[in-house]
Amino acid sequence: MRIAVIGGGPGGLYFAALARALGRQTGQQHEITVWERNAADDTFGFGVVFSDETLGGIEHADPVVHRAMEAEFARWDDIDVHYRGEVVTSGGHGFAAMSRKRLLQILQERCADLGVDVRFRTEAPDVDTLAREHDLVVACDGLGSAVRRRYADTFRPSLDVRDCKYMWLGTDLVFDAFKFYIAETPYGVMQIHGYPFDAHGSTFIVEMNSAVWKAAGFAAYQRDWQPGESDEESIARVRELFADVLDGHEVLANNSRWISFTTVRNESWRHGNVVILGDAAHTAHFSIGSGTKLAMEDALSLAACLHEEPSVDAALKAYETERKAVVQSTQRAAQASLEWFENLGQYVDQEPLQFGFNIMTRSRRVTYDNLLVRDPEFVARLDTWFADHERRRGHGDGEVRPPMFQPFSLGGLELHNRVVVSPMDMYVAEDGLPNEFHLVHLGGKALGGAGLVMTEMVCVSPEGRITPGCTGLWNDEQRDAWRRVVDFVHERSPAKIGLQIGHAGGKGSTKLMWEGIDQPLDDGNWEVAAASPVPYREGVNQVPRELTEADLDSITQDFVDSARRGAEAGFDLLELHCAHGYLLSGFLSPYTNRRTDRYGGDVQGRLRFPLRVFAAMREVWPADRPMTVRISATDWVDGGQSPEDSLAVARAFVDAGAAAIDVSTGQVTSAEKPAFGRSYQTPYADAIRNRLGVPTIAVGVISSYDDVNSLLLAGRADLCALGRVHLYDPSWTLHAAVEQDYDGPGAPWPMPWRAGRRKPQTGRTDGPKPRLELVREPASGATRHRRWRPTAG
């Protein structure tokens with residue numbers, strides 16, 4: 001084949017070398033030309049970091065390159081977090097880094113040995129011409145890719161420019177670990193990411209949000225920069241601000257200027273026989289790894305697909321299928337990490353040990369259990385700290401146990417652990433009446449170990465139902481049926497049971513979920529009403545009638561009557577449903593609330609009716625029992641509720657007497673585009689908790705006890721609500737305790753079940769398997785150290 005490569009960075013050079021080497025294995029002499037506009041010895045940046053997984057792939061694909069790289073690596077295990085005069089250290093992480101300049105030299109030498117034609121200081125010909133004259137064109141032309149712009153209609157790129165400002169620098173200070181330095185300056189919080197890349201220097205990245213950057217005066221130094229020019233005035237200021245970190249060492253510049261990170265995504269990575277690779281196709285924030293690493297992984301995958309597939313077309317399809325899922329997963333983790341650093345200021349009240357855990361688990365890839373394997377001593381310190389910290393806050397007696405099994409006092413309601421069974425609509429009621437299914441469903445979850453079990457959304461009126469199968473509390477017969485469920489929970493378990501009440505609003509009068517979710521009934525529809533005549537799905541769902549003042553009075557009374565009946569039924573907690581596009585959520589969202597009266601407009605106007613309902617319910621709900629509110633913190637749509645709005649909503653409800661905010665997102669409109677993924681809604685609970693200082697309940701694809709422990713220990717939530725895992729395993733909490741070798745008051749087994757507490761043995765007869773084994777290479781080993789100690793030569 002004739003292959004053209006645009007861009008002679010690590011991704012382009014590594015692909016060229018691999019494709020040439022793999023072709024030789026099958027007797028194919030691919031003609032490969034690389035065009036690079038810069039000189040061979042030009043490079044921007046300092047060091048690059050690789051994971052063990054990436055290095056394993058490089059070793060397998062090209063042992064020659066791997067051996068040359070391995071001879072250069074700085075390797076270390078520790079992460080140090082320098083925060084408020086303390087250093088929090090965690091080991092077992094396994095990093096390898098090297099000089100970017102040396103990496104380019106290795107790849108250039110490999111290409112030369114294999115006969116790749118690399119043309120430095122040469123602009124690539126027009127891409128259309130290259131595509132006609134070559135079998136394959138690989139565009140590795142970086143963040144500002146001209147090829148991506150040329151075929152934008154095909155690639156359909158999105159470029160998300162973020163808030164933080166950062167600058168790549170180097171220093172002759174050789175760090176002995178991966179370093180985070182958190183500096184609380186008069187201008188705000190700044191941070192440094194630092195790591196060694198050889199025996200002579202380290203990468204040194206300074207980052208801060210734009211408000212801090214402006215307050216520190218960096219904006220005054222900005223101008224139109226010449227290629228290769230560094231911002232020397234800002235660099236001098238960095239030297240002053242971080243003099244204690246540098247300890248007299250130099251700060252080194254290399255085209256070093258302030259940058260706003262841009263996340264690049266493309267819906268497609270190919271246009272005919274042209275394919276994009278590396279930063280041209282995707283970027284991921286530097287805080288979870290290097291773009292060089294991702295580009296070389298792309299190169300490895302593309303070369304392998306070309307080697308294995310029968311045609312270029314098949315190879316490009318296979319490449320995109322194989323790599324896209326991996327890259328998207330990496331980008332989700334990078335986005336979580338990026339947003340964590342954007343919001344760093346909300347964590348600076350945390351104690352050092354918790355802050356250290358928080359920064360290490362920010363991307364959700366490193367977790368409580370993951371750290372337990374890497375550094376069990378560190379996690380043991382955290383568990384002890386958390387137990388004491390919660391005792392000081394009034395939760396528990398300081399007994400050390402897994403975080404999820406620490407008790408919690410929610411507005412005076414004592415919960416024996418931090419697990420909540422999330423409200424889940426069952427759609428099996430008749431005329432709003434709960435039945436034996438609800439008794440078994442909720443009673444079984446209570447027996448299964450959760451600290452708090454929530455009902456589904458119980459509707460305040462027949463016309464307030466989502467479907468004909470929804471439960472209600474609009475009459476005393478329903479109250480008495482609910483009392484039977486409540487009594488069972490109280491008599492047979494230590495769990496508490498909460499009542500969530502709401503009104504479907506414009507999302508009412510629809511089919512049962514399994515018959516057609518959010519679809520209107522075939523017959524027997526009732527009129528729906530909402531804040532404004534905005535249907536959930538245009539052309540499908542009913543256009544709701546806009547509520548009048550008289551309607552609002554009547555609906556408020558419905559909520560009050562249901563709350564009173566809930567208290568009479570004996571529920572321990574009352575939650576007002578103001579999320580997911582139902583009636584009160586429809587008032588809160590500017591997307592669905594188009595009113596021009598006092599119940600619309602700004603966030604204070606949109607809050608007026610939901611707050612009125614909450615206050616009226618609080619009047620009849622017993623003072624010694626807490627109330628909570630579930631909100632949608634974002635609508636996942638342009639024109640919807642903003643993060644600032646959600647903070648104002650949370651604050652208003654807490655000021656009105658809410659003991660906690662149950663933080664969900666979305667479901668306000670069918671036009672939403674949620675960033676779905678593991679624990680994807682938890683950053684909103686995190687922000688409300690840490691910015692406002694109020695208790696929060698986190699929800700949203702929290703699917704493992706590891707997730708729960710990680711969220712709680714990092715201080716991102718006080719309670720975790722899980723839904724689907726409890727449908728899969730009603731005794732999920734008890735089983736999580738067994739998996740963690742915990743047997744205590746945070747997870748009491750019902751006495752009739754206790755004989756089944758231990759996991760059945762699966763062929764072992766020599767006793768229980770140890771929970772963990774830590775394998776760490778000796779500190780005196782030839783290549784890996786807990787700390788990086790460069791040696792002469």
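Treat the numbers as computed from the prediction; the structure is a model and nothing was measured.

Draft legend 1. How the structure looks around the overall build of the chain. Scanning the chain from N- to C-terminus turns up 26 helices and 29 strands. For a compact globule of 793 residues, the expected C-alpha radius of gyration is about 28 Å, and the chain comes in at 29 Å, within 12% of that figure. Scored against the burial criterion, the 793 residues of the chain give a buried share of 60%. Across the chain, contacts joining residues at least 24 apart in sequence account for 71% of those joining residues at least 6 apart. Approximately 31,400 Å² of the chain is accessible, and the part contributed by carbon and sulfur atoms is 49%.

Draft legend 2. How the structure looks around the environment of R401. Of note, R401 is situated in the loop between α15 (376-392) and β18 (408-410). Taking C-alpha positions, R401 is 59 Å from V116, a pair spaced 285 residues apart along the chain. Residues within four places of R401 in sequence aside, it is in contact with D383, Q406, P407, H416, Y742, P745 and G746. In this structure the side chain of R401 is engaged in a polar contact, spanning 3.2 Å, whose partner is the side chain of E399.

Draft legend 3. Focus on helix α24 (residues 705-713). Within α24, nine of the nine residues are buried, which leaves the element mostly enclosed by the surrounding structure. Within α24, burial applies to Y705, D706, D707, V708, N709, S710, L711, L712 and L713. Lining the buried residues of α24 we find α13 (352-360), α14 (368-374), α15, α23 (682-692), β29 (719-722) and α26 (732-739).

Draft legend 4. Representation of unusual backbone geometry in the model. Positive phi is not limited to glycine here, since N255 has a value of about 55°. Structurally, N255 can be placed in the loop between β14 (251-252) and β15 (259-266). Despite not being glycine, Q667 shows a phi value in the positive range, around 65°. Within the fold, Q667 resides in the loop between β27 (660-664) and α23. With a relative accessible area of 34%, Q667 lands in the partly exposed category.

Draft legend 5. Structural view of the sheet that holds strand β26 (residues 627-632). If you walk around this closed barrel you meet the eight strands as β20-β21-β22-β25-β26-β27-β28-β29, and the pairing is parallel. Across the sheet, the mean angle from the axis of one strand to that of its neighbour is 30°, orientation sign disregarded. Taken together, the five bridges between strand β25 (residues 573-578) and β26 define a ladder with parallel strand orientation. Bridging from a neighbouring strand, L574 pairs with M627 of β26. With respect to the sheet, helix α17 (residues 476-492) is in contact with β21 (452-459) and β22 (496-502), its orientation differing from that of β22 by roughly 150°.

Draft legend 6. Quick peek at the packing of helix α2 (residues 52-61) against helix α3 (residues 63-70). Following both chains from N to C, one finds α2 and α3 inclined at 130°, their axes separated by 5 Å at the closest point. The angle between α2 and α3 falls in the class oblique. Residues L55, I58, E59, H60 and A61 of α2 lie in contact with α3, whose contacting residues are P63, V65, H66 and M69. Of the residues in the contact of α2 with α3, the class split is six nonpolar, two polar and one charged.

Draft legend 7. The arrangement of the pairing of strand β6 (residues 86-90) in detail. Note that strand β5 (residues 79-83) and β6 share five bridges and pair antiparallel. In the strand pairing of β6, V81 is matched with V88. In this structure, the hairpin formed by β5 and β6 is closed by a connection of two residues, where R84 is found at a positive phi of approximately 50°.

Draft legend 8. Spotlight on empty space enclosed by the protein. Across all of its chains, the model carries six cavities of 30 Å³ or more by this definition. Taken together, 17 residues form the lining of the largest cavity, with G506, A530, V534, G581 and T592 sitting closest to its centre. For the lining of the largest cavity, the class distribution of residues is nine nonpolar, seven polar and one charged. Roughly 80 Å³ of volume is contained in the second largest cavity. Looking at the second largest cavity, the residues that line it are T361, R364, V366, T367, R678, S679, D707, S710, L711 and R716. When its residues are assigned to classes, the lining of the second largest cavity shows two nonpolar, four polar and four charged.

Draft legend 9. Spotlight on the sheet that holds strand β8 (residues 117-119). Spatially, the six strands line up as an open sheet ordered β8-β2-β1-β9-β17-β16, and their pairing is mixed. Each of the sheet's edge strands pairs with one partner strand only, and the pair in question is β8 and β16 (270-271). Sheet topology places strand β2 (residues 31-35) next to β8; three bridges connect them, and they run parallel. For W35, the partnering residue across the bridge sits in β8 and is R119. Docked against the sheet, helix α1 (residues 10-25) engages β1 (2-6), β2, β8 and β9 (136-139), running at close to 170° with respect to β2.

Draft legend 10. Spatial organisation of the packing of α17 against helix α19 (residues 549-569). Packing of α17 against α19 brings their axes to within 8 Å, and their N-to-C directions diverge by 40°. One way to sum up the angle between α17 and α19 is to call them oblique. As for how α17 packs across α19, the hand of that crossing is right-handed. When α17 is examined against α19, the residues D476, R479, W482, R483 and V486 are found in contact with a partner set consisting of R565, E568 and A569. When its residues are assigned to classes, the contact of α17 with α19 shows three nonpolar, no polar and five charged.

Draft legend 11. Representation of the environment of G356 in the model. Looking at the secondary structure, you find G356 in helix α13. Separated by 302 residues in the primary sequence, G356 and A658 have C-alpha atoms spaced 31 Å apart. With residues up to four places along the chain from it excluded, the contact list for G356 reads V81 and V88.

Draft legend 12. Structural context of the packing of aromatic side chains. According to the stated counting rule, one finds 29 aromatic pairs in the structure shown. Note on Y151 and F155: the rings are 6.2 Å apart at their centroids and 70° apart in plane angle, and the pair reads as edge-to-face. When its relative accessible area of 9% is taken as the criterion, Y151 is described as buried. Overall, the relative accessible area of 0% leaves F155 in the buried class. An aromatic cluster of three or more residues is present, and its members are W76, Y83, F95, F178, F180, Y195, W340, F341, Y347 and F355.

Draft legend 13. Broad picture of the pattern of salt bridges. Inspection of the entire model under this criterion finds 49 salt bridges. Across the pair D597 and R595 runs a salt bridge, and its minimum N-O distance is 2.8 Å. The exposure class of R595 is buried, given its relative accessible area of 7%. Linked by salt bridges that have partners in common, D476, R479, D480, R483, D561, R564, R565 and E568 make up one network.

Draft legend 14. Helix α22 (residues 643-655), seen in detail. Counted at 1.5 Å a residue, the expected span for α22 with its 13 residues is 18 Å, and the 18 Å between its end C-alpha atoms agrees. Of the residues making up α22, those classed as buried are D645, S646, L647, V649, A650, A652, F653 and V654. The inward-facing, buried residues of α22 contact β25, α20 (583-588), α21 (603-620), β26, β27 and α23. Immediately downstream of α22, the backbone of G657 shows phi near 120°, a positive value.

Draft legend 15. Quick look at the side chain of D572. Turning to its location among the elements, D572 is positioned in the loop between α19 and β25. Of the polar contacts made by the side chain of D572, one reaches the side chain of H490; its length is 2.7 Å. Aside from chain neighbours lying at most four places away, what touches D572 is L413, H490, K496, I497, W621, R625 and P626.

Cut-offs used in this document
Residues numbered from 1 in each chain as written. Predicted model: local features only at pLDDT ≥ 70, side-chain atom pairs only at ≥ 80, totals over all residues. Heavy atoms only, no water. Helix = DSSP H or I, 4+ residues; strand = E, 2+ residues; numbered from the N terminus. Rg over C-alpha atoms; globule rule 2.2 N^0.38 Å. Buried < 20%, exposed > 50% of the residue type's maximum accessible area, 1.4 Å probe, protein only. Contact = heavy atoms within 4.5 Å. Areas by Shrake-Rupley, 256 points an atom, 1.4 Å probe, with all protein chains shown as cover. Polar contact = N/O pair within 3.5 Å; in protein donor to acceptor, adjacent residues only side chain to side chain. Pairing = 2+ DSSP bridges. Axes fitted to C-alpha atoms, helices over the stretch in contact; angles between N-to-C directions. Parallel < 35°, antiparallel > 145°, perpendicular 65-115°, else oblique. Nonpolar A, V, L, I, M, F, W, Y, C, P; charged D, E, K, R; others polar. 1 Å grid on protein atoms, 1.4 Å probe; cavity = no way out; pocket = protein on both sides within 12 Å on 5 of 7 lines; lining within 4 Å. Points joined across faces, edges and corners; volume = space filled by probe spheres on them. Left-handed = near helix turned anticlockwise from the far one by under 90°. Phe/Tyr/Trp six-rings, centres within 6.5 Å; stacked < 30°, edge-to-face > 60°. Salt bridge = Lys/Arg side-chain N within 4 Å of Asp/Glu carboxyl O. Expected span 1.5 Å × (residues − 1).

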